[in-house]
Amino acid sequence: MSDVPSVPTDFIRQIINEDLKTGKFGGRVHTRFPPEPNGYLHIGHAKSICLNFGIAQQYPGGLCNLRFDDTNPSKEEVEYVDSIKEDIHWLGFDWEGREFYASDYFDQLYDWAVQMIRAGQAYVCDLSAEETREYRGTLTEPGRNSPWRDRPVEENLDLFERMRAGEFADGSRTLRAKIDMASPNLNLRDPVMYRILRATHHRTGDRWCIYPMYDFTHGQSDSIERITHSICTLEFENHRPLYDWYVEALGIYHPQQIEFARLNLTYTVMSKRMLLELVRAGHVVGWNDPRMPTISGLRRRGYTPEAIRSFCAKIGVAKQDSTIDIQLLEHCLREDLNRRATRVMAVLRPLKVVIENYPEDRVEEMDAVNNPEDPAAGTRKVPFSRELWIERDDFMENPPKKYFRLSPGSEVRLRYGYFVTCTGVVKDPKSGEVVELRCTYDPATRGGDNPPDGRKVKGTIHWVSAAHAVRAEVRLYDHLFTKEDPGDVPKGGHFTDHLNPNSLEVLTDCRLEPSLAASKLGDLLQFERQGYFCVDPDSTPDRPVFNRTVTLKDSWAKIQKKG
C-alpha cells in the first residue's frame with residue numbers, strides 16, 4: 001500500500017485515494033491521455049490533459065502515458081500526431097518517453113481476436129452495416145441474432161484469416177463479439193470488433209486491411225500498458241460494461257475505467273466534426289485560427305498555458321455535464337496577463353495631434369512603467385515630440401456631459417507626457433471628417449504630473465510620437481458565434497447560422513510606440529486602455545501583425561462581485 005498525498009479532492013482522486021489505501025493496484029497510479037490523431041486538440045482536451053497528467057504529477061511515482069488511438073486510418077494524419085505532441089508540451093506536460101500507439105498492438109489484438117473465436121466468444125458476420133443496425137434493435141426492443149451468429153469455430157477462424165488476407169471487399173464482413181442481443185445496453189448487443197477497411201495507415205502502411213474498433217482496442221491497450229485508472233469522458237459510461245467484458249473474457253490485467261463530464265463552453269463548439277467543417281468551408285483560416293477553441297488557435301491568439309491550467313483547475317471535475325461560461329476562461333487569462341504583460345501604448349485608429357507651442361526639433365524621452373503589478377519589470381523610454389497620434393475615439397467635437405477626453409477647449413493628460421488643451425480642429429474640406437487637432441501643452445506638467453497651480457484633469461489618454469511610430473496591422477478577435485449554444489438550432493437550421501460576422505476586424509494603419517518594433521512571438525503585451533495583445537506568426541519586420549487576445553473588461557469579475 002502507498003501513502004496518500006494531500007491533493008485536490010474530486011471524485012476521481014477520491015477513488016484513487018481509496019485504491020491506494022486498499023492496495024488495489026499495488027500502490028501504483030498510472031494514467032494515460034489517449035487522443036485520436038484525426039484533428040487538432042481543443043480546450044476540452046486541455047481539461048483531460050491537465051487531469052491525466054496532473055494526477056500523475058500529484059501522486060508519488062505517478063505516471064501518465066501518451067497513447068494515440070489510431071484505429072481509423074481513413075481520418076488520421078501525421079500532421080495531427082505532431083500537433084498533439086506540440087500542444088501537450090506547450091501546456092507544460094511531458095510523457096517522459098512513454099509514447100505509444102494502438103497500432104503498436106495490432107498483432108496482439110489480432111491474436112486476442114483469434115483467442116475469442118476459439119473460445120466461441122466471437123464470430124464472422126456477413127450482415128451489411130445497414131442490416132446490422134436493423135438487427136440491433138432499439139432501446140425499447142431487443143435485437144435479433146445474426147443468421148451467422150452460430151457459425152462453427154473453424155469456419156470463423158478461416159473467414160477471419162481470409163479477411164486479414166484481403167479476400168473480401170470493404171464492409172462485406174465483420175468480426176463481432178458474441179455477448180447478448182437482448183441486453184438493455186446496446187453496446188453489448190454483439191458489437192463489431194473488426195471491419196474490413198483498405199486504407200493506408202500513417203504508421204503501418206498497407207500491412208493491414210482489417211482494423212479493430214475503438215471499443216475492442218481501448219481496454220486492451222490500457223491493459224498492455226498496465227494503466228491503473230482509465231479516465232474517460234461521460235459518453236463512454238455506457239461503454240464501460242463492454243470495456244470490462246473484453247478484458248474479463250480475455251483473462252488479462254483489468255484497469256478501472258472512470259468517467260467524468262466533458263467541457264462545454266458558451267459561444268463555442270467542441271465537436272471535431274463541426275470544427276473540421278469550419279476549416280473546410282473556409283469560415284476560419286485553419287485549425288490555428290485565433291477564433292478556434294483549438295489549443296493551437298488559443299496559443300496563436302495569445303493565451304498562456306498558465307491561464308489554461310488555471311481555468312481547468314477552477315472548473316474542477318464533475319460527474320454531470322454542464323456548460324461553463326467562456327467569461328471564466330477569459331477571466332483566468334486576464335488574471336495571468338495582468339501580472340505578467342508589458343504595458344505599451346498603441347493607437348489603433350489614429351488621429352494626428354500637433355502641439356503648436358512645442359519646439360519642432362525637440363524630442364524628449366519619457367519614463368513609462370512596464371508593469372505596475374511588477375515593480376521588477378522596471379521602466380522604458382518613450383519618445384515625445386511635437387506631432388503625435390491619439391486614438392480617434394479620444395476626441396469628440398461636440399461631446400456629451402461627463403465626456404472627459406479631448407474636445408475643443410478641453411484639457412487632458414497625455415499618459416507619461418504633458419497636459420494638453422485642444423485649440424483647433426482641421427477637417428477634410430470634402431468629407432468634413434476631422435483629420436488633425438491643434439493643441440497647446442503645459443511645460444509644467446511633464447510626466448503627466450499635476451501642475452503647480454493645483455488644477456486637475458479627469459481624462460487621461462494614450463498617444464504615440466508620430467515621427468517614431470511603428471506602423472502595424474492589428475487584428476481584433478471576438479467570439480466566433482453569436483449564440484451561447486451554437487449547436488442549438490431549429491429543424492432545418494445549421495450551427496453555422498450563428499457565426500458572428502464581426503468575429504474579426506482587421507485594422508491596417510495602426511501606430512505603435514517604437515519599442516514594439518522588437519516584439520517577437522510569445523511576448524505578453526497590454527496595449528494600454530485597449531486590451532491584451534500578442535505577435536501573430538504572420539508578422540514580419542517590415543509589417544508587424546498583432547492579435548488582440550482579450551479585452552481589458554472583465555465581466556466574470558463583475559459577476560462574482562454580484563454573487
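Keep in mind the model is a prediction, meaning the values are calculated, not measured. (Residues numbered from 1 in each chain as written. Predicted model: local features only at pLDDT ≥ 70, side-chain atom pairs only at ≥ 80, totals over all residues. Heavy atoms only, no water.)

Next up on the list: the overall build of the protein. Counting its regular elements, the protein contains 13 helices and 27 strands. By the compact-globule yardstick of 24 Å for 563 residues, the protein is too spread out, its C-alpha radius of gyration being 31 Å. On the principal axes, the C-alpha backbone points of the protein span a range of 100 × 60 × 40 Å. Contacts spanning at least 24 positions in sequence make up 70% of the contacts within the protein whose residues lie at least 6 apart. Carbon together with sulfur atoms contributes 47% to the accessible area of the protein, which is approximately 25400 Å² in total. Here the protein contributes 75 positive and 85 negative side-chain charges, whose respective centroids are spaced 4 Å apart. (Helix = DSSP H or I, 4+ residues; strand = E, 2+ residues; numbered from the N terminus. Rg over C-alpha atoms; globule rule 2.2 N^0.38 Å. Contact = heavy atoms within 4.5 Å. Areas by Shrake-Rupley, 256 points an atom, 1.4 Å probe, with all protein chains shown as cover. Lys, Arg positive; Asp, Glu negative; His and termini not counted. Charge placed at Lys NZ, Arg CZ, Asp CG, Glu CD.)

Time to look at the pairing of strand E26 (residues 531-535). The element E26 is extensively covered by neighbouring structure, given that five of its five residues are classed as buried. As paired strands, strand E25 (residues 525-527) and E26 are joined by three bridges and run antiparallel to one another. By the bridge assignment, Gln526 is partnered in E26 with Tyr532. Across four bridges, E26 lies against strand E27 (residues 545-550) in antiparallel orientation. What sits directly across from Phe533, in E27, is Arg548. (Buried < 20%, exposed > 50% of the residue type's maximum accessible area, 1.4 Å probe, protein only. Pairing = 2+ DSSP bridges.)

This part covers the packing of aromatic side chains. The final tally for this structure, using the stated rule, is 24 aromatic pairs. Each ring, one from Phe160 and one from Tyr194, has its centre 5.3 Å from the other, and the planes form 70°; the classification is edge-to-face. One end of the pair, Phe160, is in helix H6 (residues 153-165); the other, Tyr194, is in strand E6 (residues 192-196), and 34 residues separate them in sequence. Residue Phe160 is classed as buried on the basis of its relative accessible area, which comes to 1%. A network of ring pairs unites the aromatic residues Phe106, Tyr110, Phe160, Tyr194, Trp208, Tyr211, Phe216, Trp245 and Tyr246 as a single cluster. Taking the ring centre of Tyr110 as reference, the NZ or CZ of Arg164 above it sits at 4.4 Å. (Phe/Tyr/Trp six-rings, centres within 6.5 Å; stacked < 30°, edge-to-face > 60°. Lys NZ or Arg CZ within 6 Å of the ring centre and 35° of its normal.)

Following both chains from N to C, one finds helix H7 (residues 214-224) and helix H8 (residues 240-250) inclined at 60°, their axes separated by 9 Å at the closest point. Taken as a pair, H7 and H8 cross one another with a handedness that is right-handed. Between H7, through Asp215, Phe216, His218, Gly219, Gln220 and Asp222, and H8, the contact on the second element is made entirely by Leu242, Tyr243, Tyr246, Val247 and Leu250. When the residues that make up the contact of H7 with H8 are grouped by side-chain class, the tally is six nonpolar, three polar and two charged. (Axes fitted to C-alpha atoms, helices over the stretch in contact; angles between N-to-C directions. Left-handed = near helix turned anticlockwise from the far one by under 90°. Nonpolar A, V, L, I, M, F, W, Y, C, P; charged D, E, K, R; others polar.)

Residues Ile43, Ile49, Ile88, Leu265 and Phe311 are the most contacted members of the largest nonpolar core, which totals 40 residues. Ignoring sequence-local partners within four residues, the contact set of Leu265 consists of Ile43, Met270, Phe311, Thr323, Ile324, Asp325, Ile326, Leu329 and Glu484. Residues Phe106, Met116, Val124 and Ile252 belong to the second largest nonpolar core, which totals 33 residues. (Core = buried A, V, L, I, M, F, W, Y, C linked by side-chain atoms within 4.5 Å.)

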